[in-house]
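A look at the structure
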Amino acid sequence: MTIIQECDIIDGIAEALQFISYYHPPDFIRHMKSALEREESSSARDAITQILVNSRMAAIGRRPICQDTGTVNVFIKLGMKVSIASDRTLQEMVDDAIRRAYLNDDNPLRASIVLDPISKRTNSGDNTPGMVHVDLVSGDKMEIAVSAKGGGSENKARFTVLEPSDSVSDWVVKNVAGLGAGWCPPGILGIGIGGSADKAMLMAKEAMNEEMDMLELVQRGPSNLLEELRLEIFERVNALGIGAQGLGGKITLLDVKIKTFPTHAASLPLAVIPNCAATRHMHFELDGTGPAHFTPPDLSDWPELVLDRTASQYKHVNLDQLTETEIAAWHCGDTLLLSGTLYTGRDAAHKRMVEALRAGDPVPVDLKGKAIYYVGPVDAVGSEIIGPAGPTTATRMDRFTDEVLGGTGLKVMIGKAERGKEAIESIARHKAAYLIAVGGAAYLVSKAVKSAKRVAYNDLGMEAIYELRVEEMPVTVAVDCRGESIHTLGPAKWRKLDA
Ligand SMILES: O=C(O)C[C@H](O)C(=O)O
């Protein structure tokens, strides 16, 4: 019988969570670097470059790759010959580890979990609880897989039960085509096929954390049915032309991972979960001899890239002197460097602002002629002005857009991913614009912030409204005041005719 100490479990998970918050796995870097080499769309190349530059900066600075430091998932394979020296449950141990990792003084991570999903949605304050899955297996060891999964990509999880003769590939391609860019492509698809509804979802989640090997698979060719399916989905999804951040391009997927399990003769359960550019996971084993140790990656794994911020690429914009004439001169796809004041606000702040407007009350900040950035930043540490602060999915703000534009005089929104038809019509009607920053480049974006203070809705934590002063914050015009959308035009240009 192997005896594993409670402290080794907690220390290992806490350390793994800190580690994965700033180090991308080397296989992910290798696949992203290859995507940059193969991509031909210049806007998608710029987005991938920002993701890689951000990743290297995060590794050097030991600060989160993405402001969404994720929901913690812990998969435990517990050997039947293991005894854990503790009176507490595994859930309690995992939550202790999360608390320790997310409230770490040197690298605090963002608390994103709300306790009561259907009522007040109060933030738990320490990112607990984690999602814990335990499998009892043979043996005398404990294998632990820890991941921190971003909300934007988790929101795009899809499930169906096909009929046995239906095509898995057709369903996956059709559904990924409809996901939009909120999952921050390029990334990985985790797919679970078979089992039952719950089993398929779990397999999809586990599959996405397997080591990436698509570059090798493409080179050597498939050697079994499963590899054929992986390759088919990979090629068909990439042919859709979605590209990095949905800007249009050749590379949407870096890998496709599939797990299968026996199922009922009447059913073909199928679950798909995409993983974003902030792919974060760590696997370790405890054998009773002490805690796990993690070796930092070699910085030479990352390419050293330079971002082109020359005037020929970017227009400079003073956010404190925005005029309708200036906004009208922006065209879909233009790249801008923003300087001046902007306000933050995301889901919960928008809900409150719209409730205030409906009650005939003013919103707490004057947004007339101003810009709002959809973001929930990580808290600052040391000399930082703000922690990593990348954009959140703008599509979720669509339901509030018309009332906010009409009720406050707001002119510019900054986020990531596509807007819906009604939001685009509203943007055009109000002669406003929607700009995007690169999701997954949060630490890089935060360096453009020169001052930050919370000015309203303090109780919302990371969802509070901040006033930020930015200098040369890089963005792309995604919806211009004529209602043209880069997320329609870009993919249409890069979609292969037979996709
Ligand atoms: O919560 C966030 O900061 C971002 C979220 O993960 C999203 O992708 O929309």
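Residues numbered from 1 in each chain as written. Predicted model: local features only at pLDDT ≥ 70, side-chain atom pairs only at ≥ 80, totals over all residues. Heavy atoms only, no water.

1. Here's the deal with the sheet that holds strand β4 (residues 131–137)
Strand order in the open sheet made by the four strands is β4-β2-β5-β10, with mixed pairing throughout. Looking at which strands have only one partner, the edges of the open sheet turn out to be β4 and β10 (281–286). In this sheet, neighbouring strand axes are inclined to one another by 15° on average, regardless of whether the strands run parallel or antiparallel. As defined by bridge partners, strand β2 (residues 71–79) adjoins strand β5 (residues 142–149) across eight bridges and the pair is classed as antiparallel. Bridged to F75 within β5 is A145. Where helix α4 (residues 90–102) meets the sheet, its contacts fall on β2, β4 and β5, and the angle it forms with β2 comes to roughly 135°. Here helix α7 (residues 197–207) sits on the sheet in contact with β2, β4 and β5, set at roughly 100° to β2. (Pairing = 2+ DSSP bridges. Helix = DSSP H or I, 4+ residues; strand = E, 2+ residues; numbered from the N terminus. Axes fitted to C-alpha atoms, helices over the stretch in contact; angles between N-to-C directions. Contact = heavy atoms within 4.5 Å.)

2. Here's the deal with the domain arrangement of the protein chain
Along its sequence, the protein chain is carved into domain 1 (1–24 + 65–150 + 301–307), domain 2 (151–277) and domain 3 (315–493). Centre-to-centre, using C-alpha coordinates, domain 2 lies 31 Å away from domain 3. Contacts between the two partners involve 14 residues from domain 2 and, on the opposite side, 14 residues from domain 3. Seen at the junction of domain 2 and domain 3, the total is zero salt bridges. (Domains from an automatic or database assignment. Salt bridge = Lys/Arg side-chain N within 4 Å of Asp/Glu carboxyl O.)

3. Things to note about unusual backbone geometry
At the junction of T128 and P129, the peptide bond is cis and its omega measures out at 0° in the coordinates. The topology assignment puts P129 in the loop between α4 and β4. Residues P185 and P186 are joined by a peptide bond in cis, for which omega reads 5°. Relative to the helices and strands, P186 is located in the loop between α6 (168–177) and β7 (187–195). Positive phi is not limited to glycine here, since K431 has a value of about 50°.

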